[in-house]
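Here are the chains, one letter per residue:
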Amino acid sequence: MRTTLYYFTGTGNSLACARAIAAGLGDADLVPISSLRGEERVRVLTERVGIVCPVYFYTLPLIVREFIPRLDLSGVRYAFLVATMGGLPGLAVLHGEELFKKAGGDLHAGFAVRMFANYIAEYNVRGEGAVRAMGRRMERRVKEIVPTVQAERCHLERGWPFDRLLSRAMFALLGRKFVETARTRDRLFTADPSCNRCGTCARVCPVENVRLVEGRPEWLGHCEQCFACIHFCPVAAIQIRGKRTRLRGRYHHPDVTVEDIAGQRRVS
Ligand SMILES: Cc1cc2nc3c(=O)[nH]c(=O)nc-3n(C[C@H](O)[C@H](O)[C@H](O)COP(=O)(O)O)c2cc1C
Ligand code: SF4
Ligand code: SF4
């Protein structure tokens, strides 16, 4: 049975995961969610549908939270969600279930896949070893996800009851505020004098939130917080809150290129 896999990604983890799942399923179309921003209603033309995206602030990215309820699921028999994350999936699967309900359907399977953590606003990126470990972990998880989806089994990784309690508390304390202010948190982004005016930050932004003024970036206040501009800048010139990120590394998935990220604005 054919599958439509909608994806959103900033640093490529979710795209790498979506590609591996599509390869495993054998008959899947990859569609970038940001290419459908202008569509009020998105008719799913296959009987199986999947969403692959990162976890942001213990939940799903705003662009995904707004996308799922716009899906017309009338022809869909089976829906699944794969949330890639750095170790704290929070309420991503539970919120996925709520969003599919809003679209008039059901989420049958929800997976939380631990990948490389890219939130350099709060911590540094880890080394090469961690990237290799992530690759192996992803392969193992994809080997579980693909047969589950093919068999159309119900499987919801909501976390243990204690984790859910903790996640609800973390979301209430921190996550909700971040989500509410996410779009304008780009006011904390600045470009150092080392910016070489290459324009990569504007190219990779999946929602056209970066404008180049005399070759240097300015942010427009409708940010998804995907961090693509920050991580793909070839000279690490983009900082969050001034000095905070200057000494931290940058990351993107080794199999994902600037072109791949820039391609999210187009239907593939
Ligand atoms: C704004 C932001 C918030 C994040 N919040 C979380 C989080 O709550 N829990 C977590 O485990 N990882 C969190 N992360 C890490 C990402 O979920 C993780 O690195 C993900 O695989 C990135 O996917 P991508 O490469 O497809 O963009 C966050 C990353 C960003 C940029
Ligand atoms: S990607 Fe970096 S170097 Fe290139 S224009 Fe943007 S900030 Fe400047
Ligand atoms: S401005 Fe940067 S962080 Fe915000 S959506 Fe665009 S690429 Fe992502």
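Structure: above.
How each quantity is defined
Residues take numbers from 1 onward in each chain, read along the sequence in its written order. Each chain gets a letter, beginning with A, and each ligand a number, beginning with 1, in the order they are written. Local features in a predicted model are, by the rule used here, given only for residues with pLDDT of at least 70; side-chain atom pairs are given and counted only at 80 or more, and totals for whole chains, interfaces and linings are based on all residues. Remark: hydrogens and water are excluded; side-chain values derive from all non-hydrogen atoms of the structure. Only runs of H or I of at least four residues qualify as helices and only runs of E of at least two qualify as strands under DSSP, and these elements are numbered from the N terminus. When we talk radius of gyration, it's over C-alpha atoms, and the globule rule is simply 2.2 Å times the number of residues to the 0.38. Three labels apply to residues, based on accessible area from a 1.4 Å probe with only protein chains included: buried if under 20% of the type maximum, exposed if over 50%, partly exposed otherwise in between. Note on contacts: a residue pair is in contact if any heavy atoms of the two residues lie within 4.5 Å. All accessible-area figures derive from a Shrake-Rupley calculation using a 1.4 Å probe, and residue coverage is judged against the displayed protein chains alone. Note on ring pairs: Phe, Tyr and Trp rings are taken, using the six-membered ring of Trp, and paired if centres are within 6.5 Å. Classes follow the plane angle, with under 30 degrees stacked, over 60 edge-to-face and the rest tilted. The criterion is simple. A nonpolar core is a set of buried Ala, Val, Leu, Ile, Met, Phe, Trp, Tyr and Cys residues joined through side-chain atoms within 4.5 Å. When we say a residue is near a molecule or strand, we mean one of its heavy atoms is within 4 Å of it. Note that Gly is not counted as nonpolar here; it falls among the polar residues with everything else outside the nonpolar set of Ala, Val, Leu, Ile, Met, Phe, Trp, Tyr, Cys and Pro and the charged set of Asp, Glu, Lys and Arg. What a helix should span is 1.5 Å times the count of its residues minus one.

Colleague: Give me the lowdown on the overall build of the chain, citing residues and values where you can.
Modeller: In terms of regular secondary structure, the chain is built from eight helices and twelve strands. Rg of the C-alpha trace for the chain: 18 Å, near the compact-globule value of 18 Å for 268 residues, within the 12% margin. Taken along the three principal axes of its C-alpha coordinates, the chain extends 55 × 40 × 35 Å. Across the 268 residues of the chain, 54% fall into the buried class. Relative to all contacts within the chain whose residues are 6 or more apart in sequence, the contacts with residues 24 or more apart total 79%. Counting only carbon and sulfur atoms, one obtains 52% of the accessible surface of the chain, whose full area is about 12500 Å².

Colleague: Could you give an account of the packing of aromatic side chains, naming the residues involved and the relevant values?
Modeller: On inspection of all chains with the given rule, the structure shows nine aromatic pairs. Centroid distance Phe116 to Tyr251: 4.2 Å. Interplanar angle 20°. Geometry classified as stacked. Here Phe116 is found in the loop between β7 (109-114) and α4 (128-150), whereas its partner Tyr251 is found in the loop between β12 (238-240) and α8 (258-262), with 135 residues between them in sequence. Since its relative accessible area comes to 5%, Phe116 is described here as buried. For Tyr251, a relative accessible area of 5% corresponds to the buried category. By the ring-pair criterion, three or more aromatic residues cluster together here, those being Phe57, Tyr119, Tyr123, Phe178, Phe189, Trp219 and Phe227.

Colleague: Residues and numbers for the nonpolar core, please.
Modeller: Grouped together as the largest cluster of nonpolar side chains are 93 residues, with contacts concentrated most on Tyr6, Ile51, Leu71 and Phe80. The element that contributes the greatest number of residues to this core is α4, accounting for eight residues. Setting aside anything within four residues of it in sequence, one finds Ile51 in contact with Tyr6, Ile33, Val64, Phe67, Ile68, Leu71, Phe80, Leu81, Val82 and Phe100.

Colleague: Pulling in residues and values, what's your account of the site of ligand 2?
Modeller: Around ligand 2, the surrounding shell holds 13 residues, and the nearest of these are Cys195, Asn196, Cys198, Cys201 and Cys233. Taken together, the residues of the shell around ligand 2 sort by class into eight nonpolar, four polar and one charged.

Colleague: Got a sec to walk through the environment of Phe67? Specific residues and values, please.
Modeller: Along the chain, Phe67 falls in helix α2 (residues 62-67). Distance in space between the C-alpha atoms of Phe67 and Leu36 is 8.5 Å, their sequence separation being 31 residues. Those residues in contact with Phe67 that lie beyond four places of it in its chain are Tyr6, Ile33, Leu36, Val42 and Ile51.

Colleague: Describe in detail helix α1 (residues 13-25), supporting the description with residues and values.
Modeller: Spanning 13 residues, α1 covers 18 Å between terminal C-alpha atoms, matching the ideal 18 Å at 1.5 Å per step. When we look at burial in α1, the residues that qualify are Asn13, Ser14, Leu15, Ala16, Cys17, Ala18, Ile21, Ala22 and Leu25. Trailing α1 by a residue or two, Gly26 shows a phi angle of about 85°, which is positive.

Interpretation in functional terms is not warranted from these geometric data alone.
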